[in-house]
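Residues per chain are reported as follows:
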Amino acid sequence: MQVSENRLDKKDLAKYPFLKETKAFVSRMDVPLDSLIRAQSGVGVRIKESAAQRVRDSLGFTDFGLQPDIESVDDEILSYAVARMIVSCLNDRMIMDRLARYEAERAYHFLQTEAPAKKAYVAHSFGLDVDAVEMGVVFYVGLVATMKDPKWRLVNRDVRHGMVQISAEEYDELLRERIRVVIRSQLPLEIPGPIAIRLRPYADAVSVAYQEKILEQYGEVDEGSYPPCMEAIIRAVAEGTNIPHTARFSLTAFLHTIGLQEPQIVEVFARAPDFDISRTMYQVEHISGRGGTEYTPPGCQTMKTYGLCVNRDAVCKEIAHPLSYYKRKKKGRKKEISESAGQ
Ligand code: SF4
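Below is a summary of the structure that appears in this document. These numbers come from a predicted model, not from an experiment.

Definitions and cut-offs
- Residues numbered from 1 in each chain as written.
- Predicted model: local features only at pLDDT ≥ 70, side-chain atom pairs only at ≥ 80, totals over all residues.
- Heavy atoms only, no water.
- Helix = DSSP H or I, 4+ residues; strand = E, 2+ residues; numbered from the N terminus.
- Buried < 20%, exposed > 50% of the residue type's maximum accessible area, 1.4 Å probe, protein only.
- Contact = heavy atoms within 4.5 Å.
- Areas by Shrake-Rupley, 256 points an atom, 1.4 Å probe, with all protein chains shown as cover.
- Lys, Arg positive; Asp, Glu negative; His and termini not counted.
- Charge placed at Lys NZ, Arg CZ, Asp CG, Glu CD.

**As for the overall build of the protein**
Okay, step 1: Scanning the protein from N- to C-terminus turns up 16 helices and 3 strands.
Okay, step 2: If one aligns the C-alpha atoms of the protein with their principal axes, the spans along those axes are about 70 × 60 × 50 Å.
Okay, step 3: Buried residues in the protein amount to 45% of all 343 residues.
Okay, step 4: Restricting to contacts in the protein with at least 6 residues of sequence separation, those with at least 24 account for 75%.
Okay, step 5: Of the roughly 18400 Å² of accessible surface on the protein, a fraction of 51% belongs to carbon and sulfur atoms.
Okay, step 6: When the 47 positive and 48 negative side-chain charges of the protein are each reduced to one mean point, those points stand 1 Å apart.

As structure tokens, this is what we get:
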């Protein structure tokens, strides 16, 4: 089932602004997008502000709950285009990931109540057929590569004659993932210098909001809340044990994610007797994202397979990631401190 593109109306373009028809629509607008971005007042400023807000919304985004609102169709379409430019100016992997996830989730919510023919058209734009009840193994494996739920693993699927069986609900989830992957793969865009200059204040504001989110999430570093696995690695380093690469990587990524600066992380490794500053600096900078990829620490399951999950305690039974351990323990310690202060 398909719908021809001329059956899409303007509101559809606002709902699915990543479609090629939206690009054509923007290029036909009376005021070119470049001029709007250069504008220092009026509609141009409003669009830049709403684009920056769109990116900020994506940073703290967890779930839409209700369907997202479309207040102004033109503004929605343009703010999507400018939001992609803003994140491209920042060129920060995490921020681009968040925007792609947010946009895919937003479209997914609209698709839940979409007319079948339009839904089919959106799916078709991403190489999917919503009426299909199965998918070729190779295509399927590529599509679910970054999906974490074990239900997507091939060993847990019903595979018949090289085809993976898919339910209608699962198809929607796969479509959402496909949209996310495609949007992400298009970022960063190349932004001409003069446009980047106009967008810089908005990009800077997004960057500040992002830092705030990270701080809100993890707050000040609290060594007393480190999970047992990370404590054990730190102790091993201090005692001069030759730790494996997986341990070095896990600890560095953990410390970086909870907010330690690179010199502070290097300081942890400086306790080792065979400490080599330039080698350590290089590794820490690489894992912290200087090479363009910012790494996150492995989850408990992977830590177990590395042989790094040691000295498990009661909190470990309730979590699946060392970062969740840290957040939970820290919250508990904060509560204890404020209760004893109030006594
Ligand atoms: S369960 Fe997780 S947090 Fe606890 S020690 Fe093992 S890896 Fe670390």
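**Points about the environment of Gly-307**
Okay, step 1: Looking at where Gly-307 falls in the secondary structure, it is placed in the loop between α15 (300-306) and α16 (322-342).
Okay, step 2: According to the relative accessible area criterion, Gly-307 is exposed, its value standing at 55%.
Okay, step 3: Taking C-alpha positions, Gly-307 is 9.2 Å from Ala-247, a pair spaced 60 residues apart along the chain.

**Brief notes about helix α7 (residues 116-125)**
It helps to recall that an α-helix has 3.6 residues per turn; residues three or four apart then point in one direction.
Okay, step 1: The set of residues buried in α7 consists of Lys-118, Lys-119, Ala-120, Tyr-121, Val-122 and Ala-123.
Okay, step 2: Along its buried surface, α7 packs onto α1 (10-15), α2 (20-27), α6 (93-111) and α9 (168-185).
Okay, step 3: Looking one or two residues beyond α7, the residue adopting positive phi is Gly-127, at roughly 80°.

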